[in-house]
Amino acid sequence: MCFQLGSVSTDVCVPGMLQVAFEFLEDMRASGLNPSTPTCSALIYACLQNSNFAAARKVYDTLIARGVPPHISQYNALLEQYALRYQLGNVVSLLTNMVGGGIAPNANTFRILLLACQRADQAELAFELYQIMKARGLQPKHNNAHSICYTLLKSCYNRIRKSWRPGGYPPKAEPAGPYSALPGKQMRTAEARQLLHVLDPALLSGASGNGGSSSSTSGQSGGRQHQHGRRYTFVDNADNINWPLLALSTYR
């Protein structure tokens, strides 16, 4: 087995070798050595490649406690696992830790955040995040751009279905978390406000770029100068959004 420490390459994805990697990490700790960011990222990657998400999260928690953050690619990998599990609260919590540690989200991070919103049936928050992504000037790669468009269209469809079928699109329940919404609340305000607060600072000087999607809301977003008193284009105008029109403008 090869294990990265400094400039040594890593390959702990071979079946049966993951436990050896953990033992090696413990030996490092006992010897007073601190693992590097590449080491942390390699371990998380290996856990996920071995379909062991619980171990990946344990590695993350252990190394973060030692002041060693993973690379953004592995932050994104963990975020996507939570998104696929319908765990929006854990997505928000992990992103908060990531940004608080000085790691800025990239275009792929936003793709994952939009996926988390769609799967949790939080269409308003998805479009709010999309506006922030554009305001930051982040350009997704070709495949990610298609994925983002598809996710936004699915978010619109989730909302449109509510007028066709009582109860609409039922997202799966998630375990209780630090930002879990109270039962029966359609808009998950705690998660939305926390996520927007984390991502908003870079938007304060350029919040006017709302793209063409703003035509689908009948309300005006005011008070954008101050975080605590601001109103958001979609989150604070949920009852006034024309979802079919928004879907059409997104597709175009």
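Just so it is clear, the structure is predicted and the values come from calculations on it, not from any experiment. (Residues numbered from 1 in each chain as written. Predicted model: local features only at pLDDT ≥ 70, side-chain atom pairs only at ≥ 80, totals over all residues. Heavy atoms only, no water.)

Things to note about the overall build of the protein chain
- From N to C terminus, the protein chain includes ten helices and zero strands.
- Shown N-terminal to C-terminal, the secondary structure of the protein chain runs as helices and strands in the order α-α-α-α-α-α-α-α-α-α.
- For the protein chain, buried positions account for 46% of its 252 residues.
- For the protein chain, the proportion of contacts with a sequence separation of at least 24, taken over those separated by at least 6, is 66%.
- By element, 53% of the accessible surface of the protein chain is carried by carbon and sulfur atoms, the whole surface being about 12,400 Å². (Helix = DSSP H or I, 4+ residues; strand = E, 2+ residues; numbered from the N terminus. Buried < 20%, exposed > 50% of the residue type's maximum accessible area, 1.4 Å probe, protein only. Contact = heavy atoms within 4.5 Å. Areas by Shrake-Rupley, 256 points an atom, 1.4 Å probe, with all protein chains shown as cover.)

Let's talk about helix α4 (residues 72–84)
- Taking 1.5 Å of rise per residue, 13 residues should cover 18 Å, and α4 covers 18 Å from first to last C-alpha, within 8% of that figure.
- Buried residues along α4 sit in contact with α2 (37–49), α3 (53–65), α5 (88–100) and α6 (107–119).
- A positive backbone phi angle near 65 degrees is found at tyrosine 86, which sits one or two residues after α4. (Expected span 1.5 Å × (residues − 1).)

Here we look at the packing of α6 against helix α7 (residues 123–135)
- In contact at an axis separation of 9 Å, α6 and α7 are set at 170 degrees when each is read in the N-to-C sense. When the axis of α6 is compared with that of α7, the two are roughly antiparallel. For the element pair α6 and α7, the recorded crossing hand is left-handed. Across the interface between the two elements, Phe110, Leu113, Leu114 and Cys117 of α6 pack against Leu125, Ala126, Leu129, Tyr130, Ile132 and Met133 of α7. (Axes fitted to C-alpha atoms, helices over the stretch in contact; angles between N-to-C directions. Parallel < 35°, antiparallel > 145°, perpendicular 65-115°, else oblique. Left-handed = near helix turned anticlockwise from the far one by under 90°.)

Looking at the confidence of the model for the protein chain
- Confidence along the protein chain averages 76 in pLDDT terms, with 70% of residues attaining 70 or more.
- The least confident element of the protein chain is helix α1 (residues 18–30), whose mean pLDDT is 73; the most confident is α4, at 96.
- The low-confidence segment residues 176–185 (pLDDT under 50) makes 15 contacts with residues lying over four places distant or belonging to another chain. (pLDDT = per-residue confidence, 0-100.)

Some points on the packing of α2 against α4
- α4 packs onto α2 with a crossing angle of 35 degrees between their chain directions and a minimal axis gap of 9 Å. Read as a crossing pair, α2 and α4 show a hand that is left-handed. Side by side, α2 and α4 meet where Ser41, Ile44, Tyr45 and Leu48 of the first sit next to Gln74, Ala77, Leu78 and Gln81 of the second.
- Each residue belonging to the contact of α2 with α4 can be placed in one class, and the counts come to five nonpolar, three polar and no charged. (Nonpolar A, V, L, I, M, F, W, Y, C, P; charged D, E, K, R; others polar.)

A word on the pattern of salt bridges
- Evaluation of the coordinates by the stated rule reveals six salt bridges.
- A salt bridge links arginine 188 to glutamate 191, with the shortest nitrogen-to-oxygen separation between them at 2.5 Å.
- Note on arginine 188: relative accessible area 12%, which makes it buried.
- Under the relative-accessibility criterion, glutamate 191 is labelled buried at 0%.
- Through salt bridges with shared partners, a single ionic network connects Asp121, Glu124 and Arg159. (Salt bridge = Lys/Arg side-chain N within 4 Å of Asp/Glu carboxyl O.)

Examining the packing of aromatic side chains
- Taken as a whole, this structure holds four aromatic pairs when the rule is applied.
- Centroid distance phenylalanine 53 to tyrosine 82: 5.0 Å. Interplanar angle 85 degrees. Geometry classified as edge-to-face. Within this pair, whereas phenylalanine 53 is found in helix α3, its partner tyrosine 82 is found in helix α4, the two being separated by 29 residues in sequence. The exposure classification of phenylalanine 53 matches that of tyrosine 82, with both residues buried.
- A centroid spacing of 5.6 Å and a plane angle of 40 degrees characterise the contact between phenylalanine 127 and phenylalanine 234, whose relative ring orientation is tilted. Of the two residues, phenylalanine 127 sits in helix α7 while phenylalanine 234 sits in the loop between α9 (189–199) and α10 (243–251), which places them 107 residues apart along the sequence. Here phenylalanine 127 and phenylalanine 234 have matching classes, each one buried.
- One aromatic cluster in this structure is built from Phe127, Phe234 and Trp243.
- It is arginine 85 that lies over the ring of phenylalanine 53; its NZ or CZ is 4.4 Å from the centre. (Phe/Tyr/Trp six-rings, centres within 6.5 Å; stacked < 30°, edge-to-face > 60°. Lys NZ or Arg CZ within 6 Å of the ring centre and 35° of its normal.)

Structural notes on the nonpolar core
- With 60 residues, the main nonpolar core has Ile44, Leu95, Leu113, Leu129, Leu195, Leu199 and Trp243 as its most contacted residues.
- Residues within four places of leucine 113 in sequence aside, it is in contact with Val91, Leu95, Leu129, Leu195 and Leu199. (Core = buried A, V, L, I, M, F, W, Y, C linked by side-chain atoms within 4.5 Å.)

Observations regarding unusual backbone geometry
- Although it is not a glycine, tyrosine 86 sits at a positive phi angle of roughly 65 degrees.
- Summarising the element assignment, tyrosine 86 is placed in the loop between α4 and α5.
- Within the chain, aspartate 121 stands out as a residue other than glycine whose phi angle is a positive 60 degrees.
- Checked against the element boundaries, aspartate 121 lands in the loop between α6 and α7.
- Aspartate 121 gets classed as buried once you look at its relative accessible area, which sits at 6%.

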